[in-house]
Amino acid sequence: MAAASLALGATGVHAQDEDPIKVGILHSLSGTMAISESTLKDTVMMLIEEQNEKGGLLGRDIEPVVVDPASDWPLFAEKARELLAEEEVDVIFGSWTSVSRKSVLPVVEELNGLMFYPVQYEGEESSENIFYTGAAPNQQAIPAVNYLKDELGVERWVLAGTDYVYPRTTNKILETYLNDHGVSDDDIMINYTPFGHSNWQSIVSDIKEFGNQGKKTAVVSTINGDANVPFYQELANQGIEATDIPVIAFSVGEQELSGIDTGPLVGHLAAWNYFMSVPTDANYDFIDQWIEYNDDDTVVTNDPMEAHYIGFNMWTQAVEKAGTTEVEAVKDAIIGVSVPNLTGGIATMMPNHHITKPVLIGEIQDNGQFATVSRTPGAVAGDAWSDYLEGSRDLISDWRAPMKCGNYNVVKGECGGQQEAAEAE
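Residues numbered from 1 in each chain as written. Predicted model: local features only at pLDDT ≥ 70, side-chain atom pairs only at ≥ 80, totals over all residues. Heavy atoms only, no water.

## Quick word on the overall build of the protein chain
Phase 1: If you tally the helices and strands in the protein chain, you get 13 helices and 19 strands.
Phase 2: Here the C-alpha atoms of the protein chain give a radius of gyration of 22 Å, agreeing with the 22 Å that 2.2 N^0.38 yields for 425 residues.
Phase 3: Each principal axis of the C-alpha atoms in the protein chain carries an extent, and together these give about 90 × 55 × 40 Å.
Phase 4: Looking at the 425 residues of the protein chain, the share that counts as buried comes to 54%.
Phase 5: Total accessible area computed for the protein chain in this model is approximately 17100 Å², and 47% of it derives from carbon and sulfur atoms.
Phase 6: With 23 positive and 66 negative side-chain charges, the protein chain shows a spacing of 6 Å between the two charge centroids. (Helix = DSSP H or I, 4+ residues; strand = E, 2+ residues; numbered from the N terminus. Rg over C-alpha atoms; globule rule 2.2 N^0.38 Å. Buried < 20%, exposed > 50% of the residue type's maximum accessible area, 1.4 Å probe, protein only. Areas by Shrake-Rupley, 256 points an atom, 1.4 Å probe, with all protein chains shown as cover. Lys, Arg positive; Asp, Glu negative; His and termini not counted. Charge placed at Lys NZ, Arg CZ, Asp CG, Glu CD.)

Here it is in structure tokens:
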């Protein structure tokens, strides 16, 4: 009986070891964000398929578990709970908007899950359970402003954004940064519009008047989603060309440009960490893989797709290094992990759960692609807390023992500066 019991126990352990590793995919497949997020769902599916063809992970197959939060921010939290508590996934790849990420964050922390977030965001956050593979403001917004200021001689600034947390926080950082560099409040115009805004006539007229004061003017755009199409169209309608008032966008990429008339956008700019047009062997291989996966040679790749590519490869490497998918072991193993990016460099996971990324400025072409006009000489490490916000500049994040703190105040020498930063806003 004892031998039989041992045999059954060994069989149970062996069966558990052969169970698939579950990967949760938390991206909107319906609603307003589906046009962007469904592509990211397919990206993770493709990466899982490729990994399984290599023999899986730790000798086990990877099983995708797909849910649809339907562009409904509270539903993101519900679906995250479903993935972790019911499906018992080992990791989640997901979210797009900051409000969806902030909806998921307390659930992932409560249930001690792991999530990789692939989209540029406003910073001012560091979670032990989230890995930020998109750009922080110092990896996109600040370099973009420096390019406009130093290379194009811009002196007046329009900060135009969609009315939610990412544009508002990013523009707060940029306003302080510009003030610190000698730009007066009179030379900064700030405007917010709701999601899906379509009537841009009066706002563009105000931008035109603001830029007609004898100083070089540019628009720094955190306008998100389909509102970009009528915005650029109205610029063209009012005769504003990129040579007059250039727009540099943080949320317009290849996916957003596909299938629309790019004529009004030609010559305007975008700041990202990846462009489909980057000429590297790794990128060409990724594009070919994506075309083959979709059986469509018209599909495009974009920055958040590369972020998932990097994040997925970092996670698999950390799991192999730890020898397990157990959350605490993976969290410890992933810091310092380095994997190739698609632009010819290396991405490294930093102790603050952000990664190193090059910053590229691209000029929109009439074929919907970008011509790179500027690139940082090396990779930039993402900052969780901005140096340009009161209450944040004294904070650092380091999830290694013994600190293990996402908001360590270097002035006070204690963990717990996050609440103070929130009160200061």
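Right, picking up where we left off after that structure.
## What to know about the sheet that holds strand β14 (residues 360–364)
Phase 1: Sheet architecture is open: seven strands sit in the order β7-β6-β8-β9-β10-β14-β15, paired in mixed fashion. Either end of the sheet is taken by a strand with one partner, and the two such strands are β7 (188–193) and β15 (370–375). Within the sheet, the average angular offset between the axes of one strand and its neighbour, ignoring direction, is 25°.
Phase 2: When strand β6 (residues 156–162) meets β7, the two strands line up parallel, connected through six bridges. (Pairing = 2+ DSSP bridges. Axes fitted to C-alpha atoms, helices over the stretch in contact; angles between N-to-C directions.)

## Considerations on the nonpolar core
When a protein is soluble and globular, its nonpolar side chains tend to lie buried together.
Phase 1: One finds L26, M314, W315 and I334 to be the most contacted residues of the largest nonpolar core, which totals 65 residues.
Phase 2: I334 has contacts with F116, F131, M314, W315, A318 and M349, leaving out every residue within four places of it along the chain.
Phase 3: Core analysis: the second largest hydrophobic core is formed by 28 residues, V158, I203, A227 and A270 among them. (Core = buried A, V, L, I, M, F, W, Y, C linked by side-chain atoms within 4.5 Å. Contact = heavy atoms within 4.5 Å.)

## A look at a negative patch on the surface
Phase 1: On the surface, a cluster of negative charge is made up of E49, E53, D281, D285, D288, E292, D295 and D297.
Phase 2: Elements with a contribution of two residues or more to the negative patch: α2 (34–53) and α10 (281–294).
Phase 3: Of the residues forming the negative patch, the biggest block, four residues, is contributed by α10.
Phase 4: In this fold, D285 is placed in helix α10. (Patch = residues over 30% accessible without salt bridge, like charges linked within 9 Å, V, L, I, M, F, W, Y side chains within 5 Å. Salt bridge = Lys/Arg side-chain N within 4 Å of Asp/Glu carboxyl O.)

## Examining the side chain of S127
Phase 1: If you trace the backbone, S127 turns up in the loop between β4 (115–117) and β5 (130–132).
Phase 2: The exposure class of S127 is buried, given its relative accessible area of 1%.
Phase 3: A polar contact is formed between the side chain of S127 and the backbone nitrogen of N129, at a distance of 3.1 Å.
Phase 4: Among all residues touching S127, those that are not within four sequence positions of it are L105, E109, Y132, H353 and W399. (Polar contact = N/O pair within 3.5 Å; in protein donor to acceptor, adjacent residues only side chain to side chain.)

## A look at the packing of helix α3 (residues 73–86) against helix α4 (residues 98–110)
Phase 1: Two elements in contact, α3 and α4, have axes whose closest approach is 8 Å; the angle formed by their N-to-C orientations is 30°. For the element pair α3 / α4, the angle class is roughly parallel. Read as a crossing pair, α3 and α4 show a hand that is right-handed. Judged by residue contacts, W73, P74, F76, A77, A80, R81 and L84 of α3 engage V99, S100, S103, V104, V107, V108 and E110 from α4. (Parallel < 35°, antiparallel > 145°, perpendicular 65-115°, else oblique. Left-handed = near helix turned anticlockwise from the far one by under 90°.)

## With respect to the pattern of salt bridges
Phase 1: Throughout the structure, instances matching the rule amount to 17 salt bridges.
Phase 2: Salt-bridge contacts for K331 lead to E328; the nearest nitrogen and oxygen are separated by 3.0 Å. Of this pair, K331 and E328 are both found in helix α12 (residues 327–334), three residues apart, which corresponds to roughly one turn of the helix.
Phase 3: Judged by its relative accessible area of 30%, E328 falls in the partly exposed class.
Phase 4: Here E390 makes a salt bridge to R393, at a shortest N to O gap of 2.6 Å.
Phase 5: Owing to a relative accessible area of 61%, E390 belongs among the exposed residues under this scheme.
Phase 6: In this structure R393 comes out as partly exposed when scored by relative accessible area, which is 34%.
Phase 7: Overlapping salt bridges bring together E128, E328, K331, D332 and K404 as one network.

## Some words on the state of the cysteines
Phase 1: A complete count under the given rule lists one disulfide for this structure.
Phase 2: The disulfide that involves C405 links it to C415, with 1.9 Å between the sulfurs. On the sign convention where negative is left-handed, the bridge of C405 and C415, at about 90° about the S-S bond, is right-handed. With C405 in strand β18 (residues 405–409) and C415 in strand β19 (residues 414–415), this pair connects stretches of sequence that are 10 residues apart. (Disulfide = S-S within 2.5 Å.)

## As for the packing of α2 against α10
Phase 1: Relative to each other, α2 and α10 sit at 100°, their axes nearing to 11 Å. Classified by the angle their axes make, α2 and α10 are roughly perpendicular. Across the interface between the two elements, T39, D42, T43, M45, M46, E49 and E50 of α2 pack against F286, Q289, W290 and Y293 of α10.
Phase 2: Its residues assigned to classes, the contact of α2 with α10 shows five nonpolar, three polar and three charged. (Nonpolar A, V, L, I, M, F, W, Y, C, P; charged D, E, K, R; others polar.)

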